[in-house]
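# Residue-level structural notes
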Amino acid sequence: MASTSEWTPGDVEQAKEAREKLDIWPLDEYNCKLLNEVHPRNYVSNANKKEGSFVYDLIAIGSGAGGLVSSKQSARRGAKSAMITERLAGGDCLNVGCVPSKALIRSARAVAQVRRAAEFGVIVSGEVTVDFEAVMARLRRLRATIAPADGHPGTEQAGTHVYQGRGRLTGPNTVEVNGKTLKFEKCVLAMGGRPSIPSSIDGLQDAPFTTNENLFNLQVLPPRMIILGSGVVALEMAQSFALLGSKVTIVNRSSRLFESKLGDDEAANLIQNQLEKDGVTFLSSSTAQKVETINPGDGNKKLPLMKVTVGDKVLECECLLVAAGRAANVENCGLEEANVDYELGKGVKVNDYAQSVSNPSVYAVGDCCAGVPRLTHMSGEMAKLVVQNSLANDEWKLSSLVVPAVAYTEPEYATVGIASEEQAKKQGVACDVYKTSLEHNDRAILESSNIGFVKILVKKDTDDILGATIVAERAGEMINEVSLAMKNNLGLYAIGRNIHPYPTTGEAVMGCGVQYINKHLPRLD
Ligand SMILES: Cc1cc2nc3c(=O)[nH]c(=O)nc-3n(C[C@H](O)[C@H](O)[C@H](O)COP(=O)(O)OP(=O)(O)OC[C@H]3O[C@@H](n4cnc5c(N)ncnc54)[C@H](O)[C@@H]3O)c2cc1C
Ligand SMILES: NC(=O)c1ccc[n+]([C@@H]2O[C@H](COP(=O)([O-])OP(=O)(O)OC[C@H]3O[C@@H](n4cnc5c(N)ncnc54)[C@H](O)[C@@H]3O)[C@@H](O)[C@H]2O)c1
């Protein structure tokens, strides 16, 4: 058993420690439950007694999806495995990413549903108000409920030794943690990333801006929020905060959504229109030049006040959310000592087996890795691939992965593979496009949610699927059929012949296949 001491709700000293060292507050029962799982106080595992000639088969540095999956899977397969965790196990996803953001999105959706209740014949009398404290308490409660899946007790039970401290490579096959050297056959770098803060905006660095790392600690709903960036974090949070009652402005340096990633322009219009209906203001082709701090706030219930200059406008806000992409965590990890090549900001350089291009004993997965989609399921899948390649001497390839991505706006925006004609053009691939609108999808009509479409791209004059874009209420569930078909080389014909239950929104996916089949049916005349 590991030795540790409990985080206790309301303990003033501990609250200070949790906030200063781990960026987690308030220290209520839910955050204590979270921390007791993912960063127990004064944690010393029995593993720390291993000394001398002991050599681990695999050590993961980092404890997000990438580090957890690689170390637990290798232990379950009989390997001697360790995980080094500096701050919060579960990484961004559990603590400051997927999990809290989706909890917030659900509360926001409840607001939207209640506001539309009369459309469904349900009368809600009186004013609809949001109890922001209750919204955030729900978020903390559910995050704590999910935490044991990533907590140290479960990881140790799987057979992995957990070292709580910062890991730093000291040579090609050694890593140091808490002053102790561990030896490994293989190491998996899984240090993740952090928000990238633009350096060109006057006054930003000294302003009390917010990122995903502290957004979910908010205790008071900011009346006005300005968001720098228009990627997934920006869109999901803009819609949520607007529905919860903030006046939200997105500053987008591009002329339309998804432009830099060459996303589908029709999808971009639909999502922007819906967010505007929900109250979000877009300043497109715009950049922020200056941030002036009028009042720094107290970091608790007293919000700060800032003035942000965007072109000829000066806007005030109580929350300035910087959502301008991510930088890989590659600094001060000893990558130089271990001869691991990396690019600042972008991440560790790996080959198609997720192996360092310069040190064959080292692999890298997830957000600390250069050139891969920064998504939890990507980190997890890369980790599985690395365990197979490093411990079972296999040759699973990153280039064989089919990776869907979803923005959990309402409607959702899901993509996989080559998702737009513009992307196909850029890659020099000739394509045909099959599109079904949700306008005539019976289930979507009955749900009063028939805004959206399914677009599937195939190689020209074939049914080989290149990719897809789906905009729909549950696009994230619908995209999986397309990914499965792509991964298993099932063409669009197979999707068209796959019977879908009536009435489902998924019939729109089949609809693209049916169009393909109808186009190629032999004529009877
Ligand atoms: C607001 C937001 C919402 C998101 N929503 C989604 C979503 O809905 N779906 C999705 O798929 N993705 C989502 N993502 C992206 C997802 O969170 C990341 O892609 C994922 O967490 C990356 O996992 P990882 O293991 O690579 O790194 P991380 O989760 O960043 O984990 C790295 C861990 O390693 C630790 N570490 C770093 N350096 C060291 C060291 N030297 N020694 C020891 N430990 C170290 C860090 O403290 C951290 O805990 C979201 C991201 C954000 C910001
Ligand atoms: N649902 C999900 O799967 C989900 C949700 C949130 C985040 N994530 C992942 O987390 C990562 C981070 O999300 P994100 O939204 O921060 O990044 P992003 O890459 O999706 O978007 C970054 C945005 O910031 C803008 N930008 C970049 N530099 C800028 C600058 N100097 N000034 C102003 N704007 C600038 C870009 O134009 C873009 O609009 C992404 O890789 C994303 O895949 C995934």
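What counts as what
Residues numbered from 1 in each chain as written. Chains lettered and ligands numbered in written order. Predicted model: local features only at pLDDT ≥ 70, side-chain atom pairs only at ≥ 80, totals over all residues. Heavy atoms only, no water. UniProt positions renumbered as here; feature names shortened; annotations may be inferred. Helix = DSSP H or I, 4+ residues; strand = E, 2+ residues; numbered from the N terminus. Pairing = 2+ DSSP bridges. Axes fitted to C-alpha atoms, helices over the stretch in contact; angles between N-to-C directions. Contact = heavy atoms within 4.5 Å. Near = heavy atom within 4 Å. Polar contact = N/O pair within 3.5 Å; in protein donor to acceptor, adjacent residues only side chain to side chain. Areas by Shrake-Rupley, 256 points an atom, 1.4 Å probe, with all protein chains shown as cover. Nonpolar A, V, L, I, M, F, W, Y, C, P; charged D, E, K, R; others polar. Expected span 1.5 Å × (residues − 1). Buried < 20%, exposed > 50% of the residue type's maximum accessible area, 1.4 Å probe, protein only.

Moving on to the UniProt feature "domain: Pyridine nucleotide-disulphide oxidoreductase dimerisation" (unreviewed entry) in the chain. Feature annotation in UniProt places "domain: Pyridine nucleotide-disulphide oxidoreductase dimerisation" (unreviewed entry) on residues 403–509, given in this structure's numbering. As annotated, residues 403–509 has a helix share of 31% and a strand share of 29%, and its two end C-alpha atoms lie 18 Å apart.

Strand order in this open sheet of 4 strands is E12-E11-E10-E16, and the pairing throughout is parallel. The open sheet terminates on both sides in strands that have one partner only, identified here as strand E12 (281–283) and strand E16 (319–322). Averaged over all pairs of adjacent strands, the angle between their axes in this sheet comes to 20°, without regard to strand direction. Direction of pairing for strand E11 (residues 247–251) relative to E12: parallel, over a ladder of 3 bridges. What sits directly across from Thr249, in E12, is Thr281. Most of the contacts of helix H9 (residues 232–244) go to E11, to which it runs at about 160°, and overall it touches strand E10 (224–228), E11, E12 and E16.

With respect to spatial proximity, 38 residues lie near ligand 1, and among them Gly66, Asp92, Lys102, Gly167 and Thr376 are the closest. Between ligand 1 and Ser63, the relevant distance is 3.4 Å, taken from an oxygen atom to a main-chain nitrogen or oxygen of the residue. Contacts to ligand 1 include Cys98, whose backbone N or O atom sits 3.5 Å from a nitrogen atom. In isolation ligand 1 has 1000 Å² of accessible area, and contact with the protein removes 92% of it. For the shell around ligand 1, the secondary-structure elements that each account for two or more residues are helix H3 (65–76), strand E4 (81–85), helix H4 (91–96), helix H5 (98–115) and helix H11 (376–391). If one sorts the elements of the shell around ligand 1 by residue count, H4 sits on top with 4 residues. Here the shell around ligand 1 is composed, by residue class, of 13 nonpolar, 17 polar and 8 charged.

Our next topic: the UniProt feature "domain: FAD/NAD(P)-binding" (unreviewed entry) in the chain. The sites that UniProt annotates as "domain: FAD/NAD(P)-binding" (unreviewed entry) are residues 56–382. As annotated, residues 56–382 has a helix share of 29% and a strand share of 25%, and its two end C-alpha atoms lie 20 Å apart.

Right, let's get into H9. Taking 1.5 Å as the rise per residue, H9 with 13 residues should run 18 Å; its terminal C-alpha atoms sit 18 Å apart, in good agreement. Summarising burial for H9: 11 of the 13 residues are buried, a large majority. Every buried residue of H9 is listed here: Ala234, Leu235, Glu236, Met237, Ala238, Gln239, Ser240, Phe241, Ala242, Leu243 and Leu244. Downstream of H9 by one or two residues, Gly245 has phi in the positive range, about 125°.

As a matter of local geometry, ligand 2 sits amid 18 residues, with Ser230, Val233, Glu236, Gly325 and Val406 nearest to it. Lys261 places a polar side-chain atom, nitrogen or oxygen, 3.1 Å from an oxygen atom of ligand 2. Between ligand 2 and the protein, one listed contact pairs an oxygen atom with a backbone N or O atom of Gly325 at 3.0 Å. Considered on its own, ligand 2 offers 840 Å² of accessible surface; in the complex 77% of this is hidden by protein. For the shell around ligand 2, the element with the highest residue contribution is H9, accounting for 3 residues. Looking at side-chain class alone, the shell around ligand 2 contains 8 nonpolar, 4 polar and 6 charged residues.

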